[in-house]
Amino acid sequence: MLGPLVAVVLFLAAIALAFAFLRYEEIGREQESVRRDVEYAQQRLRLRLIERQEQLLRLARNVAEGKFNVRQFQSDSNALINQYPEMSALHWMDANRRLRASASLNGQSSSLQRLGVDLMRSRSAEDAFSLARELQQAAYSVPIYRLNNGQPTVPTFQLHVPLISQGHFKGVILAEYSIDALMRYAVPVEITSRHAVSLLDEENHVLVGQTIQPKSRLSTPWSNETFEHTVPVSPIGDTLLLRAQAYRTSQGLVGQALFWLVAALSTLTVWMLIGTWRHTRRRLQTQRALIAETNFRRAMENSILTGMRALDMQGRITYVNAAFCQMTGWGETELVGSTPPYPYWPESDRDMLMKVLNDEISGRTGPSGMQVRVKRKDGTLFDARMYVSPLVDAAGVQTGWMTSMTDITEPNRIREQLSASYERFTTVLEALDASVSVAPLGSAELLFTNKMYRQWFGHASNGHLDMLEKAGMPEVAAETQAEEVDPLAGLPTEGLTLTFSENAEIYVPELQKWLEIRTRYLNWVDGRLAQMVIASDITPRRTAEELAAQQAERAQSVSRLITMGEMASSVAHELNQPLTAISNYCNGIVSRIKNRQISDEEMLHALEKTAHQAQRAGQIIQRIRSFVKRSEPNRSPTHVARMVSEAVELADIELRRQQVRLSYFVSSRLPPIMVDPILIEQVMINLLKNAGESINNAQRPAALRHVELQVLPRDIEGQNVVEFSVTDTGKGLSPQAMERLFEAFYSTKSEGMGIGLNLCRSIVESHQGRMQAENIYNGDQIQGCRFSFWIPVQVSTLHSA
């Protein structure tokens, strides 16, 4: 089928390739001609410039050696200018750019000083002068436009030939070349007659000469191409370019009669063959479509599981497919042509089925179909649903009815099982001691509620919505139109969606109960996205937690009192020093006043010292009072350095009594943390006091009686924390003590109550932190113990927010 079309395409391709080959061969010859002529003109320009440069070098050598004076210079210069028209002027300039002598075609029309300034006004002339002086070689400038009465004249370029005498630069012989004259006298006439020759600057701007502008005409794409070639002019370089553009003499392919003749014949041939090919292709396509449609209908009839039956207007069966025969067990020959009652009608249902058939033939059936019982050939029965539609021929006339039949025995069985599962599901939910409610997102309609929900909130949806609002989980979906569902609408047919449940605890004043709210999103049976809320009564648990919190608060307060009781002697000793100092100052002042031996200045100095000691005693008492004062837990952003400083000030009193040195280090890069500062101070004081007692019990020498407190930022378990560590030089902990260290009422001290470390760990864990202890080894010997705990920084940030 594609043979004629391929042949035509190959024929046209051969013709096009032949014309293209001839045209590109012609283009190649023209391009080669342009390139050869341009290179010949370039050689002519190069030789002419080199000859002028050698003559100027001889003139410069004579001037530099002093053989020529100004008059002789002008005489030789005029001779050169008259002999070579491209050289428009010659100038003699000294090393200071002063013009000594000048010669030109039109004579000297201004003073030498002014002419020298004009010559060097151009930046390119200045660069050429500097290059000739530095290299002591001839240097060309870029093309220059000189101004005459404010208007640019014909472009020129300069040649600076240095005057060298005994290795010293004495000036230059400056030759001005007319670019227009150089092109006229140096480029052969036979080249300018064949090509448009022009001289360009380094930016491809035309200085002199002719150029061909592109013309638009109806032809092949390559007929508008202008053949050109550009080369630099030596020895000037890339600042002066020679370009030649070939004059077009041929008409191109479009202007050739042979081209149009071949194109017309080829077009006619292609049109005729394409018409024949399209007609043949349409006929083959129609045949294939007919075959495909026939095969498709046959395959569809043989593969579908739905039984198809066709009736005429009198109720006679005219067609059944394979699925209908397989369902009923009756063959096609047994069914086609039969009239009511049909062989597959059960005897007990014939009256009802005859009425259904009359409704079917009369067109009174609904779009939802009808459910009937069908008898197989072996006598067994099954449930089927039948749908009826009119059968219309090609002329638009109804010729009968088409009925489709589906076996619904298995769906009915599943429906019965689903109904039983729904009853069991409802029984379980009704027996729960938690409230369960389901509602679509963005709607006040309740899809399901259990018995506990109805006891608490009744049948209204306000309880469901209020619990979501108080739990901080507002519904965000748009309003959804409720639809009718079947009696099994309470049972989800799909699994819960892959979302995490959300928990919250709220207080409901109407019920006077604390409820734990858990929500989860699910797809309801009608496809809507719904939200399930499960509310459990946690009032007894919350009451127990409040009692436990109160007991913990009392235990913390008692622990602080016990700690201060154990430190009472140290605190008394600490207070005794400022009180003794106050007493001594007062007695001394009284004695000197009686003896009239004190001046006002001395008395003021003594009173200031007395006041300082009183302030010191007051600070110690205020610090103890703040520590032991019972107050409500109050977490606030706290600076770690200030909190550590206050704890160290209290703990250092006891450690000094035990002759234990205390050193501490707090990192400067710590952020404020959200903690209860009194509770964290209590933990640090207990750890520092225990460290001092461990060193004292170990009877360490004075050099080893040392406790160190460090507070540093850490990265533990993938989170940023602030770590507090207390290191002592005692005897450490035994393995048995290490295992039971944080148990309540366990103590390694004979008089201990065993609540200190347990309470410290509870305080740390209430701040989402952890506490641990470890021995410090030197080889196999225990050199001390290290207690540490950390507080997460992100917990602080969340509380701050």
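None of the values given here were measured: they were computed from a predicted structure.

A. How the structure looks around the packing of aromatic side chains. Scanning the entire structure with this criterion turns up twelve aromatic pairs. On the basis of an interplanar angle of 5° and a centroid distance of 5.0 Å, the ring pair of Phe 157 and Tyr 177 is categorised as stacked. Remark: Tyr 177 occurs in strand β7 (residues 168–178) and Phe 157 occurs in strand β6 (residues 156–165); sequence separation between them is 20 residues. Like Tyr 177, Phe 157 is buried. When the centroid spacing of 5.1 Å and the interplanar angle of 80° are considered together, the rings of Tyr 342 and Trp 345 count as edge-to-face.

B. Looking closely at the pairing of strand β9 (residues 206–209). With three bridges connecting them, strand β8 (residues 195–201) and β9 associate as antiparallel partners. Each bridged residue has a counterpart across the sheet, and for Ser 198 the counterpart in β9 is Gly 209. As consecutive antiparallel partners, β8 and β9 are separated by four residues, and within that stretch Asn 204 has a phi angle of approximately 65°, a positive value.

C. Seen up close, empty space enclosed by the protein. Here the structure, examined in full by the defined rule, presents three cavities of 30 Å³ or more. Roughly 100 Å³ of internal volume is contained in the largest cavity. Around the largest cavity sit 13 residues that line it, and Arg 309, Trp 345, Leu 353, Glu 360 and Met 386 are the ones nearest its centre. Of all elements in the fold, only α10 (350–362) and β14 (370–375) reach the threshold of two or more residues within the lining of the largest cavity. Among the residues making up the lining of the largest cavity, the classes are represented as ten nonpolar, no polar and three charged.

D. Structural view of helix α18 (residues 677–698). With 22 residues, α18 extends 32 Å from end C-alpha to end C-alpha; this agrees with the ideal 32 Å at 1.5 Å per step. Gln 699, located one to two residues past α18, shows a positive phi value of around 55°.

E. Quick peek at the nonpolar core. Membership of the largest hydrophobic core comes to 47 residues, with the highest contact counts inside it found for Leu 56, Leu 59, Leu 90, Phe 157, Ile 173 and Leu 242. The dominant element in this core, judged by the number of residues it contributes, is helix α1 (residues 3–64), at eleven residues. One finds Ile 673, Val 707, Leu 709 and Leu 757 within the second-largest nonpolar core, a separate group that totals 44 residues.

F. A look at helix α2 (residues 70–83). In this model, α2 (14 residues) spans 20 Å end to end at C-alpha, consistent with the 20 Å of a helix rising 1.5 Å per residue. Regarding α2, the residues found buried are Phe 73, Ser 77, Leu 80 and Ile 81. Along the long axis of α2, the arc covered by the buried residues comes to 95°, so they all point the same way. Facing away from the buried side of α2 by over 90 degrees, the exposed positions are Arg 71, Asn 82 and Gln 83. A side-chain oxygen of the first residue of α2 lies 3.3 Å from the backbone nitrogen of Arg 71; this N-cap is Asn 69.

Cut-off values and rules
- Residues numbered from 1 in each chain as written.
- Predicted model: local features only at pLDDT ≥ 70, side-chain atom pairs only at ≥ 80, totals over all residues.
- Heavy atoms only, no water.
- Phe/Tyr/Trp six-rings, centres within 6.5 Å; stacked < 30°, edge-to-face > 60°.
- Helix = DSSP H or I, 4+ residues; strand = E, 2+ residues; numbered from the N terminus.
- Buried < 20%, exposed > 50% of the residue type's maximum accessible area, 1.4 Å probe, protein only.
- Pairing = 2+ DSSP bridges.
- 1 Å grid on protein atoms, 1.4 Å probe; cavity = no way out; pocket = protein on both sides within 12 Å on 5 of 7 lines; lining within 4 Å.
- Points joined across faces, edges and corners; volume = space filled by probe spheres on them.
- Nonpolar A, V, L, I, M, F, W, Y, C, P; charged D, E, K, R; others polar.
- Expected span 1.5 Å × (residues − 1).
- Core = buried A, V, L, I, M, F, W, Y, C linked by side-chain atoms within 4.5 Å.
- Arc of directions from axis to C-beta.
- Polar contact = N/O pair within 3.5 Å; in protein donor to acceptor, adjacent residues only side chain to side chain.

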